[in-house]
Structure formats: C-alpha cells, structure tokens
Amino acid sequence: MYWTLELATKLEDAPWPATKDELIDYAMRSGAPLEVIENLQEIEDEGETYESIEDIWPDYPTNDEDFFFDEEEY
C-alpha cells in the first residue's frame, strides 16, 4: 500500500467518520483512481471507524509547512 498526496486528496470529501467498506464505496462512486481503491482494500480491517485520512495515512501533511511552500519567496 502506498499513498501520495494526489491519491489521498481523493478522500478529502469522504463521509468521515467512515468504515473501510464505506470508504471503498465512496471511492468507487466518486470515480477515484484504482490505486485509491486498492489501497483501501489493503487496510487490515478490524471493523474500526476512521475519523480522517490521518487514521489511514499517518504521514498525511496537515498544514502548509508540509508542502515546502515558502510564501516569502513570492
């Protein structure tokens, strides 16, 4: 399983909190790339509910500093 920022953004509008099956259903209905669906299917599911993308991909960048954007350059 691998996540990229581009793939993870496909789940930003998902109906959080959600179960693995709900996320897969959302990804399929929203036309997310096959890689997103495959990543979700690889999650070891113990029936838990995920609150956000950070629960699935702990390294998901959550603030502007993670994008290496320096506003002072522009």
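Everything numeric in this text was worked out from a predicted model, so none of it was measured.

1. Description of the overall build of the protein chain
Looking only at helices and strands, one finds four helices and two strands in the protein chain. Beginning at the N terminus, the succession of helices and strands in the protein chain can be written as α-β-α-α-β-α. Within the protein chain, the fraction of its 74 residues that count as buried is 32%. Taking contacts inside the protein chain between residues at least 6 apart in sequence as the whole, the part at least 24 apart equals 60%. Accessible surface computed for the protein chain: about 5,300 Å², of which carbon and sulfur atoms make up 44%.

2. Notes on the packing of helix α2 (residues 20–29) against helix α3 (residues 34–41)
One can describe the packing of α2 onto α3 by two numbers: an axis separation of 9 Å at closest approach and a directional angle of 170 degrees. Classified by the angle their axes make, α2 and α3 are roughly antiparallel. Of the residues in α3, those in contact with Lys20, Leu23, Ile24, Ala27 and Met28 of α2 are Val36, Ile37, Leu40 and Gln41.

3. A closer look at the packing of aromatic side chains
All told, the structure shown has one aromatic pair when counted by the stated rule. Ring plane angle 65 degrees and centroid distance 5.7 Å describe the contact between Trp57 and Tyr60, whose orientation is recorded as edge-to-face.

4. Some remarks on the nonpolar core
In this structure, Trp3, Leu11, Leu23, Ala27, Val36, Leu40 and Ile56 are the most contacted members of the largest nonpolar core, which totals 20 residues. Taken together, the elements giving at least two residues each to this core come down to α1 (5–8), α2, α3 and α4 (53–56). If you tally residues by element for this core, the top one is α2, at four residues. Each residue touching Trp3, except ones within four places of it in the same chain, is listed here: Ala8, Leu11, Val36, Asn39, Leu40, Ile56 and Trp57.

5. Quick notes on unusual backbone geometry
Along the chain, Trp16 connects to Pro17 via a cis peptide bond; the corresponding omega equals -10 degrees. Tracing the backbone through its elements, the reader meets Pro17 in the loop between α1 and β1 (18–19).

6. Side note on a negative patch on the surface
Together, Asp21, Glu22, Glu44, Asp45, Glu46, Glu48, Glu51, Glu54 and Asp55 make up a negatively charged patch on the protein surface. In this fold, Asp45 is placed in the loop between α3 and β2 (49–50). Look at Asp45 and you get partly exposed, because its relative accessible area is 38%.

Quick notes on the rules
- Residues numbered from 1 in each chain as written.
- Predicted model: local features only at pLDDT ≥ 70, side-chain atom pairs only at ≥ 80, totals over all residues.
- Heavy atoms only, no water.
- Helix = DSSP H or I, 4+ residues; strand = E, 2+ residues; numbered from the N terminus.
- Buried < 20%, exposed > 50% of the residue type's maximum accessible area, 1.4 Å probe, protein only.
- Contact = heavy atoms within 4.5 Å.
- Areas by Shrake-Rupley, 256 points an atom, 1.4 Å probe, with all protein chains shown as cover.
- Axes fitted to C-alpha atoms, helices over the stretch in contact; angles between N-to-C directions.
- Parallel < 35°, antiparallel > 145°, perpendicular 65-115°, else oblique.
- Phe/Tyr/Trp six-rings, centres within 6.5 Å; stacked < 30°, edge-to-face > 60°.
- Core = buried A, V, L, I, M, F, W, Y, C linked by side-chain atoms within 4.5 Å.
- Patch = residues over 30% accessible without salt bridge, like charges linked within 9 Å, V, L, I, M, F, W, Y side chains within 5 Å.
- Salt bridge = Lys/Arg side-chain N within 4 Å of Asp/Glu carboxyl O.
- Lys, Arg positive; Asp, Glu negative; His and termini not counted.
- Charge placed at Lys NZ, Arg CZ, Asp CG, Glu CD.

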